[in-house]
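# Close look at the chain arrangement
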Amino acid sequence: MMIEIRPLEGRYVRLEPITPALRDELRGAIDCDPESWEIMSTNGCGEGFEDWWGALQGETQRGERIGFAIRRLSDGRGVGTSSYLNIRKLHRGLEIGSTFLHPDARSGPVNPESKRLLLAHAFDAGAIRVEFMVDVRNARSQAAVEKLGADKDGVLRNHKITWTGHVRDSAVFSITDADWPGVKQRLDFRLTETFS
């Protein structure tokens, strides 16, 4: 499995690999909604943005993460971020996570199309498993992942510690290469029928 780092574009969004040139625009997209950041591993809000940006740059340089800025095509505005994490080339798997969307982009086609693009790119590169790890307290994100067509595999207890110090349990969801054709078909239908 070899993930090519390149822009991914659909009808509603363009995912752009994060570079230093996108720093200020990305800050404008994610430096908001402090309550939502409380369940994340790092804080991208307020003064926490510098730590978030530093962690992103370090993980990217070590090959642990491929981060994307999410640009809404209707207005050309950066509205969030999502990443490939825990890339396991040998085992042909990875996680899609560290997703944050500006509140005005949370409903509509931005999230489902972003995930559709990331999933297709991963499976086209040879992935056999894509995972999603969601804080068990985040019912909205769990519902969104299930709506994508992912199966819930279980809960990892005491899985992570958030930047607030909370010891987090993570619900684990996955989509396998065998699931992907059906998931892709449902996502394409949803994006065409719901948002056209």
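Residues numbered from 1 in each chain as written. Predicted model: local features only at pLDDT ≥ 70, side-chain atom pairs only at ≥ 80, totals over all residues. Heavy atoms only, no water.

### Comments concerning the packing of aromatic side chains
- Applying the stated criterion across every chain, the model contains six aromatic pairs.
- Between Trp37 and Phe100, the ring centres sit 4.4 Å apart and the planes meet at 20°, which makes this aromatic pair stacked. Remark: Phe100 occurs in strand β5 (residues 93-101) and Trp37 occurs in helix α2 (residues 34-37); sequence separation between them is 63 residues. Just as Trp37 is buried, Phe100 falls in that class too.
- Ring geometry for Phe68 versus Tyr84: centroids 5.7 Å apart, planes at 90°, classification edge-to-face. Of this pair, Phe68 sits in strand β3 (residues 65-72) while Tyr84 sits in strand β4 (residues 77-88); the two residues are 16 residues apart in sequence, bridging distant segments of the chain. (Phe/Tyr/Trp six-rings, centres within 6.5 Å; stacked < 30°, edge-to-face > 60°. Helix = DSSP H or I, 4+ residues; strand = E, 2+ residues; numbered from the N terminus. Buried < 20%, exposed > 50% of the residue type's maximum accessible area, 1.4 Å probe, protein only.)

### Some remarks on the pattern of salt bridges
- Tallied over the full model, the rule gives 20 salt bridges.
- In this structure, Glu4 and Arg6 form a salt bridge, with 3.5 Å as the shortest nitrogen-oxygen distance.
- On the basis of relative accessible area, Glu4 is assigned to the partly exposed category, the value being 48%.
- A salt bridge links Asp104 to Arg72; the nearest nitrogen and oxygen atoms lie 3.7 Å apart. Here Arg72 lies in strand β3 and Asp104 lies in the loop between β5 and α4 (110-124), a separation of 32 residues in the sequence.
- For Asp104, a relative accessible area of 41% translates into the label partly exposed.
- When its relative accessible area of 14% is taken as the criterion, Arg72 is described as buried. (Salt bridge = Lys/Arg side-chain N within 4 Å of Asp/Glu carboxyl O.)

### A closer look at the environment of Gly78
- The topology assignment puts Gly78 in strand β4.
- On the basis of relative accessibility, which here comes to 12%, the residue Gly78 falls in the buried class.
- Taking the C-alpha atoms as reference, Gly78 lies 9.3 Å from Arg27; in sequence the two are 51 residues apart.
- The contacts of Gly78, once residues within four sequence positions are left out, are Glu25, Ala29, Ile70 and Arg71. (Contact = heavy atoms within 4.5 Å.)

### Let's talk about the nonpolar core
- Formed by 37 residues in total, the largest nonpolar core has its most connected members in Leu15, Tyr84, Leu94, Ile96, Leu119, Val130 and Phe132.
- For this core, the element with the most residues is α4, which contributes seven residues.
- Every residue in contact with Phe132, bar those within four places of it in the chain, is listed here: Ile96, Lys115, Leu119, Val145, Leu148, Ala150, Ala171, Val172, Phe173 and Ile175.
- Within the second largest apolar cluster, 15 residues are counted, among which are Ile18, Ile30, Trp37 and Phe49. (Core = buried A, V, L, I, M, F, W, Y, C linked by side-chain atoms within 4.5 Å.)

### Let's talk about empty space enclosed by the protein
- For the structure shown, the criterion picks out one cavity of 30 Å³ or more.
- If you add up the space inside the largest cavity, you get close to 60 Å³.
- Considering the residues around the largest cavity, the lining is formed by Glu16, Leu22, Glu25, Leu26, Ala29, Ala69, Ile70, Arg71, Gly78, Val79 and Gly80.
- Contributing elements (two or more residues each) for the lining of the largest cavity: α1 (23-30), β3 and β4. (1 Å grid on protein atoms, 1.4 Å probe; cavity = no way out; pocket = protein on both sides within 12 Å on 5 of 7 lines; lining within 4 Å. Points joined across faces, edges and corners; volume = space filled by probe spheres on them.)

### A look at the UniProt feature "domain: N-acetyltransferase" (unreviewed entry) in the protein
- Mapped onto this numbering, the UniProt entry gives "domain: N-acetyltransferase" (unreviewed entry) at residues 13-179.
- The straight-line gap between the two end C-alpha atoms of residues 13-179 is 24 Å; of that span, 31% is helix and 37% is strand. (UniProt positions renumbered as here; feature names shortened; annotations may be inferred.)

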